[in-house]
Amino acid sequence: MSTELARSVVVVAELRQGQLAPVTWELLACGRQIAQAAGLSLRAMVLGEAVREEAARLAAVGAAVCALQGPDLAQYSGQAWREVLAAALPSLQPAMVLAAHTTQGLDFAPGLALRLGAACLSGVERVTQEAGRLLFSRPAWHGKAQAQYASTAPLTVLTVQPGAFAAQAAAAERAAGSLEVRTAAPAAGPVRSLGLRRAAEQSAELAQAQVVVAAGRGVGKPENLALIRSLAACFSSAAVAGSRPVCDAGWLDYSRQVGITGATVAPRLYLACGISGARQHTAGMQGAGFIVAISLDPQAAIFNLADVCLVEDLTLFIPAFLAECGPAAA
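## What about the side chain of Glu26?
So, step 1. Looking at the element boundaries, Glu26 is found in helix α1 (residues 22-38).
So, step 2. Arg279 provides the closest opposite charge to the buried, unpaired Glu26, separated from it by 7.8 Å.
So, step 3. In contact with Glu26, other than residues within four places in its own chain, are Gln161, Pro162, Gly163, Ala164, Phe165 and Ala167.

Okay, here's the thing in structure tokens:
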């Protein structure tokens, strides 16, 4: 990787309702690892209408922060983010630009890479160094394997999986960074944001449940959700959830979706039924106390996370379990 013309790793912060999203601190940890390995400086960019206060929080943990403010940035717009970042980033001489592998990051990162003439690598989960090269790992074959990539481009845009890097606490010996506030030029383009409409709130039942029984595409058909509900009924504080494919298919409401684009849950027990284990889903449930996974695929990625792995047809296992342990058996 060439660093002669580009001397920094730039983290693009993600905000939610005007505040730094938790994934931003994970991005900062990933960026610091890359910067230390490659001998680069660490920088961060915060975009919004009035983000000085949030930008100062990043500067307090040692990053050199550039806050870009403007009325066009009051609400997220992929078009505005791409244009504003493409204009501002060259002055920071980046070798790497890091964004979150979320719906927002996936929206602007590829187009930003195109505008910058940069390479683009999405879904990075791990960074290692080998023979003087930085290697970036991301899941392949539906999470059953890890693929490694090395960038040969002078500038690379990365999206980083939420939950892949542990956010670091501010070190007492780390000097505070700097803060620069710029006014962003109006973003030109044929699209104008009309605002945001709030989606349905996350199910309170799902957020408070001590046991979550989640259905994936492996349940086969919507009629089999009756088995998932019957399994949840075995527990006194339980809720039914689903992966994104199940919710996209209309089998469950989106308020029941767990994952990067859905809810984050941390129940005492998580029962994953017919779920492959893609990072999009596991990022929302990996904090569960105990995980049981049922899948017909012995190579399913969910088994790498589960405490108990059952290779079985759930339409056979769940009825057998209910016969022995369900409410009717009592």
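Next comes the rest of the write-up.
## Remarks on the sheet that holds strand β8 (residues 126-130)
So, step 1. Read across the sheet, three strands follow the order β8-β9-β10 without closing on themselves; strand pairing throughout is antiparallel. Each end of this open sheet is capped by a strand with a single partner; those strands are β8 and β10 (145-149). Across the sheet, the mean angle from the axis of one strand to that of its neighbour is 35°, orientation sign disregarded.
So, step 2. Note that strand β9 (residues 133-140) and β10 share five bridges and pair antiparallel. Paired with Ala140 across the two strands is Ala145, which belongs to β10.

## A word on the nonpolar core
So, step 1. Ile34, Leu58, Leu98 and Phe136 are the most contacted members of the largest nonpolar core, which totals 37 residues.
So, step 2. Per-element tally for this core: the top contributor is α1, with seven residues.

## A few points about helix α2 (residues 52-59)
So, step 1. Listed in full, the buried residues belonging to α2 are Glu54, Ala55, Leu58 and Ala59. The buried residues of α2 occupy one face: seen down the axis, they fall within an arc of 150°.
So, step 2. Contacts made by the buried residues of α2 are with β3 (19-20), α1, β4 (41-48), β5 (64-69) and β12 (179-183).

## Some points on the pattern of salt bridges
So, step 1. Within this structure, the stated rule accounts for six salt bridges.
So, step 2. With its nearest N and O atoms 3.0 Å apart, the salt bridge here joins Glu125 to Arg279. Residue Glu125 is located in the loop between β7 (119-124) and β8, and its partner Arg279 is located in helix α8 (residues 279-282); the two are separated by 154 residues in the primary sequence. Neither residue differs from the other here; Glu125 and Arg279 are each classed as buried.
So, step 3. Taking the shortest distance from any N to any O, the salt bridge between Asp248 and Arg244 comes out at 3.3 Å. Placement of both Asp248 and Arg244 in helix α7 (residues 244-248) is noted, with a separation of four residues, approximately one turn of the helix.

Cut-off values and rules
- Residues numbered from 1 in each chain as written.
- Predicted model: local features only at pLDDT ≥ 70, side-chain atom pairs only at ≥ 80, totals over all residues.
- Heavy atoms only, no water.
- Helix = DSSP H or I, 4+ residues; strand = E, 2+ residues; numbered from the N terminus.
- Buried < 20%, exposed > 50% of the residue type's maximum accessible area, 1.4 Å probe, protein only.
- Lys, Arg positive; Asp, Glu negative; His and termini not counted.
- Salt bridge = Lys/Arg side-chain N within 4 Å of Asp/Glu carboxyl O.
- Contact = heavy atoms within 4.5 Å.
- Pairing = 2+ DSSP bridges.
- Axes fitted to C-alpha atoms, helices over the stretch in contact; angles between N-to-C directions.
- Core = buried A, V, L, I, M, F, W, Y, C linked by side-chain atoms within 4.5 Å.
- Arc of directions from axis to C-beta.

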